[in-house]
Amino acid sequence: MIPSSRLSAAESLQVLWEDGERAFCRGSRLGADGSPIPVLVIVLTAEHPPPFALDRLVREYELKDELDSAWAVRPLELVRERGRTMLVLDDPGGEPLEGLLGAPMEAGGFLRLAIGIAGAVDRLHQRGLVYKDLKPGHILVNCPDGRVRLTGFGIASRLPRERQAPEPPETIAGTLAYMAPEQTGRMNRSIDSRSDLYALGVTFYQMLTGALPFTASDPMEWVHCHIARQPLAPSRRLETVPAPVSQIIMKLLAKTAEERYQTAAGVERDLQHCLADWERQGRIDQFPLGQHGTPDRLRIPETLYGRAREVEPLLAAFDRVIKSGTPELVLVSGYSGIGKSSVVNELHKALVPPRGHFAAGKFDQYKRDIPYAPFGQALRTLVRQILVKSEAEVEQWRCALREAVEPNGHLIVSLVPEVEFIIGKQAPVADLPPRDARNRFQLVFRRFLGVFARPEHPLALFLDDLQWLDVATLDLLEHLVTHSDVRHLLLVGAYRDNEVNPSHPLPRTLKAIRKAGARVQEIVLAPLGLDDICQLAADAMQCEPDGVRPLAQLVHEKTGGNPFFGIQFFTALAEEGLLTFDPDAAAWRWDLDRIHAKGITDNVVELMAEKVSRLPGPALRVLKQLACLGTVVQAATLSKVLGATEVEIHAALWEVVRSGLVVLRDGAYALVHDRVQEAVYALIPEARRAATHLRIGRVLASQMPSTGFEEAIFETVNQLNRGAALIHSPAERDRVAAFNLTAGKRAKASTAYGSALTYFTAGRMLLAPDGW
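Residues numbered from 1 in each chain as written. Predicted model: local features only at pLDDT ≥ 70, side-chain atom pairs only at ≥ 80, totals over all residues. Heavy atoms only, no water.

A. View of the sheet that holds strand β2 (residues 22-30). Ordered by their spatial adjacency, 5 strands build an open sheet running β1-β2-β3-β5-β4, and the pairing between neighbours is antiparallel. Among the strands making up the open sheet, the edge pair consists of β1 (14-18) and β4 (75-81). Strand after strand, the sheet turns through a mean of 30 degrees between neighbouring axes, direction not considered. Direction of pairing for β4 relative to strand β5 (residues 84-90): antiparallel, over a ladder of 6 bridges. (Pairing = 2+ DSSP bridges. Helix = DSSP H or I, 4+ residues; strand = E, 2+ residues; numbered from the N terminus. Axes fitted to C-alpha atoms, helices over the stretch in contact; angles between N-to-C directions.)

Structure below.
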């Protein structure tokens, strides 16, 4: 932050464009010789702007070295002037495209501007940036040198692919009117450079017709428009729009990224073709679109291949829940990597019209004794969505939640601590006999969940990896499905059927649920067929399926039709240089003999372990600790465990995040799949694993707060117990036994009696014979 500036007084700034949050202005500052130099200035309009608005200014300033003045408005300095933060930028002249909109543009003028805009977006993507907020207010046109320049990079990303969580649309970064369907978090697809091409399509539509392709009255309606409604073609809205130009725009506006243009360079080429026709003959003849701009890096499609029959009953179940209100349980089973989560995530799109909620929690194979852990994870996401709403909306939720849980709110706060921010401090509950305590907990949980599952906003609750569930969670699951006062709730569970045998508690519970008359739907996912793998490969390489069939046959044989393994196998081929792009032919090449000779493993964990083992030492060190802690870990926790700053953690994992093995979201790192966790964990020698867990547990224990430490007790004690055999000091053994006692009492208070017994037993084993 530059503390002061020679920037002229804010009152002299000429506002070019504003959107309620920021004003884009033209002004001047004094040069070294005292003469005025023209600059552009972004000013936050609120007297007390929210932190995210300031963060975006800082973000844009930090990107200055990656922005080229040939296509971007480069930031110069970040200043404080009269108590306000401003971003000062170079002024190349010109005006925001926003100021030229309102009436339809003439075709020739549109094409000249559109070619420049597409070219600028292409240069942005060549720099490895994804814009995420392309709109007319961020495009500077009619510059004296004839170039188009982009600005507004406050949420631009260096990552080639990101996932947006299905958060309330009011809180999603970007501008809803121009937002690609996948940016809404409700399309089961990632954000990448093609998301910018959708926003480009919206911008072109507005330039050519004078209107946006959609209109909406509230944020959720905007989301529905983008994911479900088809806009009227520009040529149908305005007869003067040439048909090929209209078709280019409609291709940009395709709902799925695979159906859009794949690069901005391809858009630019087709627009140049249109302009050449227009200038030569005053009309544009039909021509095949999207023949240029084949991506030169392997981009695996996120289409769900071969799963239409499996998705259909899931959507039908949710439709029944909406119409009847009667809860249902849907179980999705199959091998690890078969695509269970991907199938369930297809629900996101169906949740938009009824304004439904979606919450997900995941069991962890190394944390099986943390009671109700996945329910806690899922409900935290719902509660956090309330916390970002307006005070009036929060008050409505506060009243509903208090009415539902008091006087037993402490039981819910113990499971979801964030609830306390809404309903306030809760009094401890009275001790009851075990059966009565369980009934009380289940009642208050049921009532709490009922606040989120209502006719005006039904709830889909997804619990992943049921093969690792604890008995208490299984009992609660049965309770929710079989009690008639639970309404408008779809429970979805996924599990590895090869890890659930007849003695596992899940089959017995399902039998009891069916006997009670509840509706249970089972969906079994089989491996993909050769045709599906072939289509995936063809789409990834932008060619016909017949051309890739020999390669697809090899991948199918190696991976057994497992989608996750298949994708990782294709990626490994590209990384090993066995699958390469030929720029002269604009096609992908491979040599089956070389691939066979390379002898790539047909074991997915080994393949992932080989990939991970090639990472730099600092990244591998952080990943090993992450795998010991779980599949999702806060950066702050990694910082504690490794004795490093969060900045150092982010730096170490940057390339791993870029590779897609790890996802960064809301300050937490998540391994992209259980198989990645297993592969990383396998790289820790078996003889050193107990010591690793013990070291982590000791670090967590040393930094446990003196009050409120119950929140961290399960994470800490689980690590210590896995290294308990190496604890020799009587004092430390007594301390860890005390931790187990606390964890057991906490589990018992939540009526998770099986987990409580596990902790009590572990603590007893640590005590010396005279420990009593």
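B. Structural context of the packing of aromatic side chains. Per the counting criterion, the structure on display carries 10 aromatic pairs. A centroid spacing of 5.7 Å and a plane angle of 40 degrees characterise the contact between Phe714 and Tyr759, whose relative ring orientation is tilted. One end of the pair, Phe714, is in helix α28 (residues 710-722); the other, Tyr759, is in helix α30 (residues 753-766), and 45 residues separate them in sequence. Judged by its relative accessible area of 1%, Tyr759 is buried. The ring of Tyr61 has Lys64 sitting right over it, with the charged end atom 4.3 Å from the ring centre. Against the face of Tyr261 rests Lys251, its NZ or CZ located 5.5 Å from the ring centre. (Phe/Tyr/Trp six-rings, centres within 6.5 Å; stacked < 30°, edge-to-face > 60°. Buried < 20%, exposed > 50% of the residue type's maximum accessible area, 1.4 Å probe, protein only. Lys NZ or Arg CZ within 6 Å of the ring centre and 35° of its normal.)

C. Here's a closer look at the side chain of Arg446. Its location among the elements puts Arg446 in helix α15 (residues 434-452). You can call Arg446 buried: its relative accessible area is 13%. Contact partners of Arg446, with chain neighbours within four places excluded, come to His479, Leu480, His483, Asp485 and Val486. (Contact = heavy atoms within 4.5 Å.)

D. View of empty space enclosed by the protein. Per the counting criterion, the structure on display carries 4 cavities of 30 Å³ or more. Each pocket or cavity is described by its volume, and for the largest cavity that value is around 50 Å³. Every residue lining the largest cavity is listed: Glu182, Met187, Arg189, Ser190, Asp192, Arg194, Lys255, Thr256, Ala257, Glu258 and Glu302. Counted by class, the lining of the largest cavity contains 2 nonpolar, 2 polar and 7 charged residues. (1 Å grid on protein atoms, 1.4 Å probe; cavity = no way out; pocket = protein on both sides within 12 Å on 5 of 7 lines; lining within 4 Å. Points joined across faces, edges and corners; volume = space filled by probe spheres on them. Nonpolar A, V, L, I, M, F, W, Y, C, P; charged D, E, K, R; others polar.)

E. The arrangement of the packing of helix α2 (residues 107-126) against helix α3 (residues 193-209) in detail. Between α2 and α3, the shortest axis-to-axis distance is 11 Å and the interhelical angle comes to 165 degrees. In terms of their interaxial angle, α2 and α3 are classed as roughly antiparallel. Seen from above, α2 lies across α3 with right-handed handedness. Residues Phe110, Leu113, Ala114, Ile117, Ala118, Val121, Leu124 and His125 of α2 form the contact with α3, whose participating residues are Ser193, Asp196, Leu197, Leu200, Phe204, Met207 and Leu208. Residues that form the contact of α2 with α3 fall into these classes: 12 nonpolar, 2 polar and 1 charged. (Parallel < 35°, antiparallel > 145°, perpendicular 65-115°, else oblique. Left-handed = near helix turned anticlockwise from the far one by under 90°.)

F. Fine view of a nonpolar patch on the surface. A contiguous nonpolar patch, built from Leu387, Val388 and Phe421 and spanning about 310 Å² of accessible area, is present on the exposed surface. Looking at the secondary structure, you find Phe421 in helix α14 (residues 420-423). (Patch = residues over 30% accessible without salt bridge, like charges linked within 9 Å, V, L, I, M, F, W, Y side chains within 5 Å. Areas by Shrake-Rupley, 256 points an atom, 1.4 Å probe, with all protein chains shown as cover. Salt bridge = Lys/Arg side-chain N within 4 Å of Asp/Glu carboxyl O.)

G. Structural detail: the pattern of salt bridges. Applying the stated rule across the entire model yields 47 salt bridges. Its salt-bridge partner being Arg384, residue Glu418 comes within 2.9 Å of it at the nearest N-O pair. Here Arg384 lies in helix α11 (residues 373-387) and Glu418 lies in the loop between α13 (409-415) and α14, a separation of 34 residues in the sequence. Ionic pairing is found between Asp485 and Arg446, a salt bridge with its closest N-O pair at 3.0 Å. A residue pair is termed long-range when its members are at least 10 positions apart, and Asp485 in the loop between α16 (471-482) and β12 (489-495) and Arg446 in helix α15 qualify at 39 residues. By relative accessible area, Asp485 is classed as partly exposed at 48%. Here the salt bridges do not stand alone but share partners, grouping Lys362, Asp464, Asp465, Arg496, Glu499, Asp674, Arg675 and Glu678 into one network.

H. Up close: the pairing of strand β3 (residues 36-44). Pairing between β2 and β3: 9 bridges, direction antiparallel. Looking across to β3, one finds that Phe24 is bridged to Ile42. Sheet topology note: the β3/β5 ladder contains 5 bridges and is antiparallel. Note on β5: the bridge partner recorded for Ile42 is Leu87.

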